[in-house]
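Residues per chain are reported as follows:
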Amino acid sequence: MGLIYEKLVRPLAFRRDPESVHERVVGALSVLGHLPPVCRLLEWWNGLPASARKPVECAGLQFPNRVGLAAGFDKDAHCWPAMAALGFGHVEIGTVTRQAQPGNPQPRLFRFPAEEAVLNRMGFNNAGAAAMARRLAGQPPRGRRRIPLGINLGKTKVAALDQAVEDYLGSFALLAEHADYIAINVSSPNTPDLRKLQEHDRLVELLGALQNANTEREAAAMGGRRPIFLKIAPDLTWPQIDDILQILHDLRLDGIIATNTTLARPGPFAAVDQAGGLSGRPLCRRSTEIINYIARATSGRLPIIGVGGITDAASAGEKLDAGATLVQVYSGWIYRGPFFAAELARALAGC
């Protein structure tokens, strides 16, 4: 199937505008998600053989395999119910913000097929946390899902930095009940000043407030607390990562997602005159280095979701060997086809 996609389907799709293709695919998968019998048949076809089915535990959750879909694809919770049918073991939806926003001007999504890379400056285009909460209320709830669902929260662009805590807390209050885990995105390069939230004092304030809200939720018997993961940038220095790891330890956060897109322009991208975050194969080595560094610095005690540049079983395996418990794909999925997750999951399970 992968070869058919790469030789026939992908060339046709790549003749069209990337964002319009993305919207069409989301629409098609949304329709698939409303056809449970078809989804179950595809899930059986793409799933691991019975002899290899061993749930993976991470942050107190059970995952049917190690491969997830990274945030950025299903921004508004339209199509995630179909993803188990394609072989994914979890999905992270969003990034969603407290207020609806259109994102940055188009064009804002660019492919680089020769390097198997994508550059985007989407800018958290989404319908807002309240709209997502309403949609999730009509979809499979926690405990009745085929795979765990993560919800990735970001800052609304018009919210000033000193309003960031209130902004994230507003999204958390609306969406925590629907999430299996929460991801906090302070690392996208496409919202002005967002990465400043990775600085010590701002990060302590933000994560401390979210942990307090999580604890209060648990004490109020509102379905219990949710594991919280922090998603970091690949452009941090080692001392900055050390500082973040100490904050996560002190606040007892549940895990880390490494990494988001990069502002670096390695090799042939030095001449690319486009703003935005670069993802795909050029990011692979750096994200794996960071995963390895985090695993060593925390003696393997901090759960890591590894993401960045996974294009085959070897690059996924490198991230697991470096210390990740789970991996996520997005750009690689674009280049490898709809059943790439199933192929990866089988390879990582030794099938």
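Up top is the structure these notes are about.
Below, the structure is looked at part by part. This structure is a prediction, so every number in the text was calculated from the model and none was measured.

Before going further, it helps to examine the sheet that holds strand β11 (residues 277-280). Two pairing modes exist for strands in a sheet, parallel and antiparallel, and in both the strands are linked by backbone hydrogen bonds. Taken together, three strands build an open sheet; the order of strands is β5-β6-β11 and the sheet is antiparallel. What marks the edges here is a single partner per strand, and that holds for β5 (109-112) and β11. The mean angle between the axes of side-by-side strands here comes to 20 degrees, regardless of whether they run parallel or antiparallel. With four bridges joining them, strand β6 (residues 117-120) and β11 adopt antiparallel strand pairing. Looking at the pairing, Leu119 lines up with Leu278 of β11.

Here the focus is helix α9 (residues 313-322). Note: α-helices contain 3.6 residues per turn, so residues at a spacing of three or four share the same orientation. Every buried residue of α9 is listed here: Ser315, Ala316, Gly317, Lys319, Leu320 and Ala322. Contacts from the buried residues of α9 go to α8 (284-297), β12 (304-307), β13 (326-329) and α11 (340-348). Just downstream of α9 lies Gly323, where phi reads positive at about 135 degrees.

Glancing now at the layout of surface pockets. The space that makes up the largest pocket amounts to roughly 630 Å³. Considering the residues around the largest pocket, the lining is formed by 29 residues, among which Tyr5, Val21, Val25, Ile334 and Pro338 are closest to the centre. Residue assignment for the lining of the largest pocket shows that the elements contributing at least two residues are α1 (2-13), α2 (18-33), β5, α10 (331-336) and α11. When residues of the lining of the largest pocket are assigned to their parent elements, the largest contribution, eight residues, is made by α2. Of the residues in the lining of the largest pocket, the class split is 22 nonpolar, three polar and four charged.

Scoring rules and cut-offs
Residues numbered from 1 in each chain as written. Predicted model: local features only at pLDDT ≥ 70, side-chain atom pairs only at ≥ 80, totals over all residues. Heavy atoms only, no water. Pairing = 2+ DSSP bridges. Helix = DSSP H or I, 4+ residues; strand = E, 2+ residues; numbered from the N terminus. Axes fitted to C-alpha atoms, helices over the stretch in contact; angles between N-to-C directions. Buried < 20%, exposed > 50% of the residue type's maximum accessible area, 1.4 Å probe, protein only. Contact = heavy atoms within 4.5 Å. 1 Å grid on protein atoms, 1.4 Å probe; cavity = no way out; pocket = protein on both sides within 12 Å on 5 of 7 lines; lining within 4 Å. Points joined across faces, edges and corners; volume = space filled by probe spheres on them. Nonpolar A, V, L, I, M, F, W, Y, C, P; charged D, E, K, R; others polar.

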